[in-house]
Amino acid sequence: MKKIIMSLVAAMFAVCASAQVYVGGNVGIASIDDGDDEETVYSLLPEIGYHFNDQWAAGVVFGWSRGNLSNIDGNLTVSGLSRTFEINPYARLTFLHTKLVNVFCEGGFGYRHYNGQGDEYSIGLKPGVELKLDRFSLVARVGFLGYQKADFDRGGETSVWGMDFDGNDISLGVYYNF
């Protein structure tokens, strides 16, 4: 058993030492005041990924959120307070490289579970920009192009095809590159 654990630890250090792994994610917090009530909305979305080469990477975003979700991505509605868990694996193609900036597009799947309310599934593309700062990177993703399906206990089933590139669908994150 010790040999297996030591082999896994050595393999993890070897992967990290090759400067191909990145970790980071997104954190968000907001206060919603609708006149009568005030709600705090938060999300914690850690991310881990692996660069295969300069163009291709793969990773996964997963996490939790809590908040009043009366409007999801401008199309799907849910009323009331909700807690969610989500997982989003992706493959990333970086098609423009400069010394400080990379432009990429991610293709992936998404699953989000709303506690006591239902589930949401998605498949599609998300464009983004990475600003490289030594070992750290600032990453922004804007919009979504693809398919979403939501199945809510009280709201029925909703399907959406299309693209959404408005300012409400921006994700900002920080990575540490090993």
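Given the structure is predicted, the values throughout are model-derived calculations rather than measurements.

### A look at the side chain of Arg141
Phase 1 of the analysis: Among the secondary structure elements, Arg141 is positioned in strand β7 (residues 136-142).
Phase 2 of the analysis: Among the polar contacts made by the side chain of Arg141, one reaches the side chain of Glu106 at a distance of 2.8 Å.
Phase 3 of the analysis: Within polar-contact distance, the side chain of Arg141 engages the side chain of Tyr175 at 2.9 Å.

### What to know about the packing of aromatic side chains
Phase 1 of the analysis: Under the defined criterion, the tally for this structure stands at 8 aromatic pairs.
Phase 2 of the analysis: For the pair Tyr176 and Phe178, a centre-to-centre distance of 5.2 Å together with 85° between the ring planes defines the contact as edge-to-face.
Phase 3 of the analysis: Phe178 sits in the partly exposed class, given a relative accessible area of 30%.
Phase 4 of the analysis: We note Arg92 situated over the ring of Phe104; from NZ or CZ to the ring centre the distance is 4.1 Å.

### Observations concerning the environment of Val61
Phase 1 of the analysis: Within the secondary structure, Val61 sits in strand β3 (residues 56-68).
Phase 2 of the analysis: Using a relative accessible area of 9% as the deciding quantity, one classes Val61 as buried.
Phase 3 of the analysis: The spacing of Val61 and Ile87 is 26 residues in sequence and 5.7 Å in space, taken between C-alpha atoms.

Cut-offs used in this document
Residues numbered from 1 in each chain as written. Predicted model: local features only at pLDDT ≥ 70, side-chain atom pairs only at ≥ 80, totals over all residues. Heavy atoms only, no water. Helix = DSSP H or I, 4+ residues; strand = E, 2+ residues; numbered from the N terminus. Polar contact = N/O pair within 3.5 Å; in protein donor to acceptor, adjacent residues only side chain to side chain. Phe/Tyr/Trp six-rings, centres within 6.5 Å; stacked < 30°, edge-to-face > 60°. Buried < 20%, exposed > 50% of the residue type's maximum accessible area, 1.4 Å probe, protein only. Lys NZ or Arg CZ within 6 Å of the ring centre and 35° of its normal.

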